[in-house]
Amino acid sequence: MSIQIDKNKCISCGKCRNICPGNLIYNDLRGKAFIKYPQDCWDCTACVKECPAQAIKLYLSGDIGGNGGHLYTSQEEKGCLVWHMVDRFGREEVIKINRKVSNRY
Ligand code: SF4
Ligand code: SF4
């Protein structure tokens, strides 16, 4: 599995590059993000959660039942992270997570 970045959606904010714990994301000459070492990505989803432009998708492999499905997030409501789970047929399920509660230990 790995992420894929859509350069057409990327707004060059740099958030994914700053948060990736493996320093795997770089900017091209236009400031658009790209993953340089996709084989080293361990699918932590940190960059997926940070992206304000829905430009990053995490592809789900067959061994966890993904079969070509993917995940991305949006931040439609203040304080909420919205997960979009899209299966290989394009069917989408949405789960809203309250960030304050989900980060409480
Ligand atoms: S999923 Fe995690 S390891 Fe992979 S590119 Fe994004 S932040 Fe880096
Ligand atoms: S977080 Fe999203 S919009 Fe910002 S640089 Fe990365 S891919 Fe582009």
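Residues numbered from 1 in each chain as written. Chains lettered and ligands numbered in written order. Predicted model: local features only at pLDDT ≥ 70, side-chain atom pairs only at ≥ 80, totals over all residues. Heavy atoms only, no water.

1. Quick word on the pairing of strand β7 (residues 92-98)
Reasoning step 1: Judged from the seven bridges that link them, strand β6 (residues 80-86) and β7 form a sheet pairing that is antiparallel. Looking at the pairing, W83 lines up with I95 of β7.
Reasoning step 2: Connecting β6 to the next strand, β7, in antiparallel fashion are five residues, including G90 with a positive phi near 90°. (Pairing = 2+ DSSP bridges. Helix = DSSP H or I, 4+ residues; strand = E, 2+ residues; numbered from the N terminus.)

2. Let's talk about the pattern of salt bridges
Reasoning step 1: For the coordinates displayed, the defined rule picks out two salt bridges.
Reasoning step 2: Taking the shortest distance from any N to any O, the salt bridge between D28 and K7 comes out at 2.9 Å. Highlighted residues: D28 in the loop between β2 (25-27) and β3 (33-35) and K7 in the loop between β1 (3-5) and α1 (15-19), separated in sequence by 21 residues.
Reasoning step 3: Given the relative accessible area of 30%, K7 is considered partly exposed. (Salt bridge = Lys/Arg side-chain N within 4 Å of Asp/Glu carboxyl O. Buried < 20%, exposed > 50% of the residue type's maximum accessible area, 1.4 Å probe, protein only.)

3. Quick notes on the pairing of strand β4 (residues 56-59)
Reasoning step 1: Residues I56 and L58 point to one face of β4 and are all buried, whereas K57 and Y59, pointing to the other face, are not buried.
Reasoning step 2: Bridge analysis of β1 against β4 gives three bridges, and the strand direction is antiparallel. Bridge pairing in β4 links Q4 to K57.
Reasoning step 3: Relative to strand β5 (residues 70-74), β4 runs antiparallel, the two sharing two bridges. Each bridged residue has a counterpart across the sheet, and for Y59 the counterpart in β5 is H70.

4. Examining the site of ligand 1
Reasoning step 1: Lining the immediate surroundings of ligand 1 are 13 residues, of which C20, C41, C44, T45 and C47 lie closest.
Reasoning step 2: A class-by-class count of the residues in the shell around ligand 1 yields eleven nonpolar, one polar and one charged. (Near = heavy atom within 4 Å. Nonpolar A, V, L, I, M, F, W, Y, C, P; charged D, E, K, R; others polar.)

5. Description of the site of ligand 2
Reasoning step 1: The local shell around ligand 2 holds 13 residues, among which C10, C13, G14, C16 and C51 are the closest.
Reasoning step 2: Each residue belonging to the shell around ligand 2 can be placed in one class, and the counts come to eleven nonpolar, two polar and no charged.

6. Comments concerning the environment of C47
Reasoning step 1: If you trace the backbone, C47 turns up in helix α2 (residues 46-50).
Reasoning step 2: Each C-alpha atom of the pair C47 and Y72 lies 9.9 Å from the other, and the pair is 25 residues apart in sequence.
Reasoning step 3: If we skip the residues at most four places from it in the chain, C47 touches I3, C16, I19, I25 and I56. (Contact = heavy atoms within 4.5 Å.)

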